[in-house]
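# Fold and contact review
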Amino acid sequence: MPGEGGALSDLTSAERDRILAKAAIFAPPAATLPDGRRDLVGLSREELAAEMVAIGEKPFRARQLWHWIYHQGETDFAKMPTIAKPMQAKLAERFVVGRPEAATVQTSEDTTRKFLFRFRDGQQVETVYIPDRHEDRGSVCISTQVGCTLSCRFCHTGTQKLVRNLGAAEVVGQFMAARDSYGEWPSPKDGTPRLLSNIVVMGMGEPLYNYENTAKALRIIMDGEGIGLSRRRITLSTSGVVPMMDRCGEELNVNLAVSLHAVTDELRDEIVPLNRKYPIAELLAACRRYPGATNARRITFEYVMLRGVNDSEAEARELVRLIKGIPAKVNLIPFNPWPGSPYLTSKPEQVRRFAEIVEAAGYSSPIRRPRGRDILAACGQLKTDSERAKRTPKADAA
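A few points on the structure. (Residues numbered from 1 in each chain as written. Predicted model: local features only at pLDDT ≥ 70, side-chain atom pairs only at ≥ 80, totals over all residues. Heavy atoms only, no water.)

Our focus in this paragraph is the pairing of strand S13 (residues 328–334). The element S13 is largely enclosed, with a buried count of six among its seven residues. Relative to S13, strand S12 (residues 299–305) runs parallel, the two being bridged by seven bridges. Bridging from a neighbouring strand, Val304 pairs with Ile333 of S13. Each parallel crossover has a hand, and the one from S12 via helix H10 (residues 313–322) to S13 is right-handed. (Buried < 20%, exposed > 50% of the residue type's maximum accessible area, 1.4 Å probe, protein only. Helix = DSSP H or I, 4+ residues; strand = E, 2+ residues; numbered from the N terminus. Pairing = 2+ DSSP bridges. Right-handed = clockwise from strand over helix to strand, strands pointing away.)

Okay, structure coming up:
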């Protein structure tokens, strides 16, 4: 019908505005220390140049700092020899190059490493490095929110209420601190193997409900003069925030993973409550619109296998029908138990049969091997003790 596409676009735009307005309610604190110094991590190139101009320096200083911060991984201005000593002192008076504090670091029997990072306001998130079992490379699973607003029933993180969004510095800082832990500075270039070779935005929180900070961090990570990680090595996972999926595709075009977990709206409404707002048909339509999705860059559908809930052969066949025509693969994830969880892991033979049906239809369907279960670092197990500060009558009056 004439005008229908425009009306849909208007609705999507209005919904994006609503999502961004809600994100502002959970905004991170300013990236400024109590002594007034500003953290340079998380600033865009333009913002970094503006800071230099504000202290009476030339904009080109921003490029020098960018190299030291994101290519060399340096946090001490005094160890940046291409910057003159008077300038180093000037920078140290006004700025810092920050990192989140690693409150605890645990290494699993399978060499997966989990970091509990604490930020300046005391809030915490978990970040996981998952080494490849066969090569000297691996993925850093980073978080974008303290807690989560989605309450997916099988996910431990979903039992922790959303406290706040992470700022760009806090998102990129997780990757930088993980690199510190493995001594991987300066950034490998020219085909040199990277130990921390991939990023999966699959940690705590829904990244598309903190889109602007997440996008800013990923642009910094992808900048070729700094960390220089290709968009092909970054995967963003969403539970299906449809209006922001379109924007993510247009602006970042990183790899997309979708937490599907059910093939009927009735079941998905129950285990992924976001489905009540953006049902399966709308979600899959957004996947079909996602730019860059090809057989070389397939959309990943994540499917947690819950015994007797979503793991039947009929559901495997319906999954194949739903994703027909989408360049895709299906990650089958054995449910990772956590204290108080109401579900059981599907039996191995049932998972294999489910995978066989999907693969027979032409879709790769790897069964993810759980990593870091012994330290609660596996998929769906991340949670911290951070809690939203309770409002007091005094605070409300203020």
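Quick look at the packing of aromatic side chains now. Inspection of the entire model under this criterion finds five aromatic pairs. A cation sits over an aromatic face here: Arg45 above Trp66, 4.8 Å from the ring centre. In this structure, Arg179 is placed above the aromatic ring of Trp185, and the distance from its NZ or CZ to the ring centre is 4.7 Å. (Phe/Tyr/Trp six-rings, centres within 6.5 Å; stacked < 30°, edge-to-face > 60°. Lys NZ or Arg CZ within 6 Å of the ring centre and 35° of its normal.)

Since one α-helical turn is 3.6 residues long, residues separated by three or four positions face the same way. Residues of helix H2 (residues 45–54) that are buried: Leu48, Ala49, Glu51 and Met52. Burial along H2 is one-sided: seen end-on, the buried residues are contained in an arc of 155 degrees. Facing away from the buried side of H2 by over 90 degrees, the exposed positions are Glu46 and Ala54. In this fold, the buried residues of H2 make contact with strand S1 (38–39), helix H3 (61–71), helix H4 (85–94) and strand S2 (95–96). Where H2 terminates, the next one or two residues include Gly56, which has phi positive at roughly 85 degrees. (Arc of directions from axis to C-beta. Contact = heavy atoms within 4.5 Å.)

What follows concerns the side chain of Arg61. Relative to the helices and strands, Arg61 is located in helix H3. On the basis of relative accessibility, which here comes to 18%, the residue Arg61 falls in the buried class. Setting aside chain neighbours within four positions, we find Arg61 in contact with Met52 and Met87.

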